[in-house]
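Residues per chain are reported as follows:
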2 protein chains.
Amino acid sequence: MNILVTNDDGIYAEGILHLVNKLKRVATVFVIAPDREKSATGHAITIHDPLRVTKFHGFSDGVKAYHVDGTPADCVKLGVSTLLDDKPDLVISGINAGPNLGLDVLYSGTIAGAIEGVVQEVPSIAISLGGHDDFNFEKASDIVMTILLQLLETDFLSKKTVVNINIPPLNSQDIKGVKFTKLGIRKYTNFYEHRSDPRGKSYYWLAGDLMELTNTLDTDVHAVDNYYVSITPLHFDFTSHKDLERMKQSNFHL
Amino acid sequence: MNILVTNDDGIYAEGILHLVNKLKRVATVFVIAPDREKSATGHAITIHDPLRVTKFHGFSDGVKAYHVDGTPADCVKLGVSTLLDDKPDLVISGINAGPNLGLDVLYSGTIAGAIEGVVQEVPSIAISLGGHDDFNFEKASDIVMTILLQLLETDFLSKKTVVNINIPPLNSQDIKGVKFTKLGIRKYTNFYEHRSDPRGKSYYWLAGDLMELTNTLDTDVHAVDNYYVSITPLHFDFTSHKDLERMKQSNFHL
């Protein structure tokens, strides 16, 4: 099995290193990842600038790796279409330092890397680890392997679905199990701090705290809050068919 | 009615100018748009850098305008949460120079501006004009106004749905009417040109042609190809509920 690994924390991040070290025991692993952190880049791709691709020797023998001065979506698009000789069997994006739950998926570069995988018709998985500072990527990678081996025995990995896996913070409490979930509601009280720079010119900087929202039992947010690994299947049919049915009844003129 | 207008071609683009000139006749218009082109930035937002906000005097009297050194999603998030005194009644993103059909919506900064509108719980519309070079934004703006006035008489504008409007190229043939559509299939034969820079170092640049794909009558691609304005409602429930039902039957262990 050939696996293409990317992330949005950059190729030097600890999360991708631990993941690759485990994956290479069961698969041929290629790494194509951004040369620096690319969090919150959404599904941005680079069209007006060239992309530089540089060989990277930070992984152990047998792992071909490149870093790219672009986004996670760039890495997967360039990798699958051009850099790799054969289409990989799987794209994995992660392990992200921090969760990607609920509406996070809209902004997340980690998710975008996996989405670009399915755009390129490769089954894809996004993996994120909850917490703030002391991420236990070693233990998280073990959990990923346990789940991956079970996923491979199902037909859940498809060319149309991203499997979004979130692991709770691993340092405080034991993980209770795995739950298949829908996206919950996770919003921030977005506001911008208005500051002045050393020359007295003003600027804005995005701040905001996570809102306390009630999430039902069947959501990823609830699962991770309660020490379960959440697995959420994501699709990319953005048409609101329900709205469309209503709209079709009307007759607009020009 | 207060309308916040943004785009991804930048505040100096012709499309936003024509649109604002028409909108201001029926509403109070605020413009908060990127200070330069931000195409294909997807739903990227700026979190690791400050945002500079600069007053812009390029619109006529009565139109308050700012440009921001960020993405369309930044502009709407910053605008609605912080810069505007009151939440606008409507966010409009456009008029984009070029269509946003099918899978384009994944990469489009125009669409992301409108999506951020609904994230901020403001009904939102994305508008794009087909073609390559000689865009007739004057005529396109008239079409937008005709459609907008009809939309406002329906309940189609909601805090959960982006209304994605695509206008066919306006220079060759008469527009036949308006169709409510689903997203079609629009893919590119993505490949990267491998070149050398003047110093002999290699780089890759995204190329690729639009693939000839068969689109059914009910799609936005088919409508625009046949000189209809397409209106597609977009939702943001990324959970694949169909996959989830199947997955829930299984029992994964750690």
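Residues numbered from 1 in each chain as written. Chains lettered and ligands numbered in written order. Predicted model: local features only at pLDDT ≥ 70, side-chain atom pairs only at ≥ 80, totals over all residues. Heavy atoms only, no water.

- Per an unreviewed UniProt entry, chain A carries the name 5'-nucleotidase SurE and comes from Desulfuribacillus stibiiarsenatis.
- In UniProt, chain A has this text filed under Sequence similarities (unreviewed entry): "Belongs to the SurE nucleotidase family."
- On record in UniProt, under Subcellular location (unreviewed entry), the comment for chain A is "Cytoplasm". (UniProt positions renumbered as here; feature names shortened; annotations may be inferred.)

## Side note on the overall build of chain A
And step 1. A count of helices and strands for chain A gives 7 helices and 11 strands.
And step 2. A compact globule built from 254 residues should have a C-alpha radius of gyration of about 18 Å, and chain A, at 19 Å, falls within 12% of that.
And step 3. Its C-alpha atoms put chain A at 60 × 55 × 50 Å along the principal axes.
And step 4. Counting every position in chain A, which comprises 254 residues, the buried fraction comes to 59%.
And step 5. Once local pairs closer than 6 in sequence are excluded, the contacts in chain A between residues at least 24 apart make up 76%. (Helix = DSSP H or I, 4+ residues; strand = E, 2+ residues; numbered from the N terminus. Rg over C-alpha atoms; globule rule 2.2 N^0.38 Å. Buried < 20%, exposed > 50% of the residue type's maximum accessible area, 1.4 Å probe, protein only. Contact = heavy atoms within 4.5 Å.)

## Some remarks on the environment of A:Ser240
And step 1. Within the element layout of this structure, A:Ser240 appears in the loop between strand 11 (228–234) and helix 7 (241–247).
And step 2. Owing to a relative accessible area of 8%, A:Ser240 belongs among the buried residues under this scheme.
And step 3. Those residues in contact with A:Ser240, other than ones at most four positions away along the chain, are B:Pro233, B:Leu234 and B:His235.

## Quick word on the environment of A:Pro50
And step 1. Along the chain, the position of A:Pro50 falls in the loop between strand 2 (28–34) and strand 3 (53–55).
And step 2. Residues A:Pro50 and A:Gly70, 20 residues apart in the sequence, show an inter-C-alpha distance of 9.2 Å.
And step 3. When near neighbours in sequence (up to four residues on either side) are disregarded, A:Pro50 contacts A:Asp69, B:Tyr203, B:Tyr204 and B:Trp205.

## Describing empty space enclosed by the protein
And step 1. For the structure on display, the rule yields 3 cavities of 30 Å³ or more.
And step 2. Taken as a whole, the largest cavity encloses approximately 230 Å³ of empty space.
And step 3. Lining the largest cavity are 21 residues, with A:Leu106, A:Phe238, B:His43, B:Leu106 and B:Phe238 sitting closest to its centre.
And step 4. For the lining of the largest cavity, the residue count by class is 15 nonpolar, 6 polar and no charged. (1 Å grid on protein atoms, 1.4 Å probe; cavity = no way out; pocket = protein on both sides within 12 Å on 5 of 7 lines; lining within 4 Å. Points joined across faces, edges and corners; volume = space filled by probe spheres on them. Nonpolar A, V, L, I, M, F, W, Y, C, P; charged D, E, K, R; others polar.)

## Some remarks on helix 4 (residues 109–119) of chain A
All names here are of chain A.
And step 1. Counting buried positions along helix 4 yields 11 of 11 residues, so the element is predominantly enclosed.
And step 2. Among all positions of helix 4, only Gly-109, Thr-110, Ile-111, Ala-112, Gly-113, Ala-114, Ile-115, Glu-116, Gly-117, Val-118 and Val-119 are buried.
And step 3. The distance from a side-chain oxygen at the start of helix 4 to the backbone nitrogen of Thr-110 is 3.1 Å, and the residue carrying that oxygen is Ser-108.
And step 4. Remark: Glu-121 follows helix 4 within two positions and exhibits a positive phi of approximately 65°. (Polar contact = N/O pair within 3.5 Å; in protein donor to acceptor, adjacent residues only side chain to side chain.)

## Topic: the pattern of salt bridges
And step 1. Going through the model one piece at a time under the given rule, you end up with 22 salt bridges over all chains.
And step 2. Here B:Lys187 ties to A:Glu121 by a salt bridge, and the two come within 3.2 Å at their closest N and O atoms. In this pair, B:Lys187 is assigned in the loop between strand 8 (177–180) and strand 9 (191–196) and A:Glu121 in the loop between helix 4 and strand 6 (124–129), connecting two distinct chains.
And step 3. Judged by its relative accessible area of 23%, B:Lys187 is partly exposed.
And step 4. In this structure, B:Arg246 and A:Asp155 form a salt bridge, with 2.9 Å as the shortest nitrogen-oxygen distance. Residue B:Arg246 is located in helix 7 (residues 241–248), and its partner A:Asp155 is located in the loop between helix 5 (137–151) and strand 7 (162–167); the two belong to separate chains.
And step 5. In this structure B:Arg246 comes out as partly exposed when scored by relative accessible area, which is 35%.
And step 6. Given a relative accessible area of 51%, A:Asp155 falls into the exposed group.
And step 7. The structure contains a network of salt bridges with shared partners spanning A:Lys22, A:Glu138 and A:Asp142. (Salt bridge = Lys/Arg side-chain N within 4 Å of Asp/Glu carboxyl O.)

## Some thoughts on the relation of the copies chain B and chain A
And step 1. Rotating chain B by 180° and translating it 0.0 Å along the rotation axis places it on chain A, where the RMSD comes to 0.0 Å. Classification of the inter-copy transformation places it as that of a two-fold axis. (Least-squares fit on C-alpha atoms with pLDDT ≥ 70 in both.)

## Looking at the interface of chain B and chain A
And step 1. In this complex, chain B contributes 81 residues to the contact, which on the side of chain A involves 81 residues.
And step 2. Roughly 7,300 Å² is buried in total at the junction of chain B and chain A, and carbon and sulfur atoms are behind 66% of that figure.
And step 3. Of all residues in chain B, B:Phe238, B:Phe252 and B:Leu254 give up the largest surface area on contact with chain A, accounting jointly for 12% of the area buried on that side.
And step 4. Summed over the shared surface of chain B and chain A, the result is 6 salt bridges.
And step 5. At the boundary of chain B with chain A, the tally comes to 33 residue pairs in polar contact (both at pLDDT 80 or more).
And step 6. Grouping the amino acids of the side of chain B that touches chain A by side-chain chemistry returns 40 nonpolar, 25 polar and 16 charged. (Buried area = accessible area lost by both parts, 1.4 Å probe.)

## What about the packing of helix 2 (residues 72–83) of chain A against helix 4 of chain A?
Residue and element names in this part refer to chain A.
And step 1. Following both chains from N to C, one finds helix 2 and helix 4 inclined at 20°, their axes separated by 7 Å at the closest point. With respect to their mutual orientation, helix 2 and helix 4 come out roughly parallel. For the pair helix 2 and helix 4, the sense of crossing is right-handed. Across from Pro-72, Ala-73, Val-76 and Lys-77 in helix 2, the residues of helix 4 making contact are Gly-109, Ala-112, Gly-113, Glu-116 and Gly-117.
And step 2. Class assignment of the residues belonging to the contact of helix 2 with helix 4 gives a composition of 4 nonpolar, 3 polar and 2 charged. (Axes fitted to C-alpha atoms, helices over the stretch in contact; angles between N-to-C directions. Parallel < 35°, antiparallel > 145°, perpendicular 65-115°, else oblique. Left-handed = near helix turned anticlockwise from the far one by under 90°.)

## Points about the pairing of strand 2 (residues 28–34) of chain B
Looking along a regular strand, one sees the side chains alternate between the two faces of the sheet.
Residues and elements named next belong to chain B.
And step 1. With 6 of 7 residues buried, strand 2 is to be regarded as a mostly interior element.
And step 2. The pairing of strand 1 (residues 2–6) with strand 2 spans 4 bridges and is classified as parallel. Across the sheet, Asn-2 pairs through a bridge with Thr-28, a residue of strand 2.
And step 3. Between strand 1 and its parallel partner strand 2, the chain crosses via helix 1 (residues 14–23), and the hand of that crossover is right-handed. (Pairing = 2+ DSSP bridges. Right-handed = clockwise from strand over helix to strand, strands pointing away.)

## A short note on the sheet that holds strand 3 of chain A
Residues and elements named next belong to chain A.
And step 1. Overall, mixed pairing links the 9 strands, which are arranged 3-4-2-1-5-6-7-11-8 in an open sheet. The open sheet has two free edges, formed respectively by strand 3 and strand 8 (177–180), since each of these has just one partner strand. Pairs of neighbouring strands in the sheet enclose a mean axial angle of 20°, with direction left out of account.
And step 2. Taken together, the 3 bridges between strand 3 and strand 4 (residues 64–68) define a ladder with antiparallel strand orientation. Residue Thr-54 lies in a different strand from strand 4, and its bridge partner there is His-67.
And step 3. Along the sheet face, helix 1 (residues 14–23) touches strand 1 (2–6), strand 2, strand 5 (90–97) and strand 6 and points at about 140° away from the line of strand 5.
And step 4. The strands touched by helix 2 are strand 1, strand 2, strand 3, strand 4 and strand 5; relative to strand 2, the strand with the most contacts, the crossing angle is about 135°.

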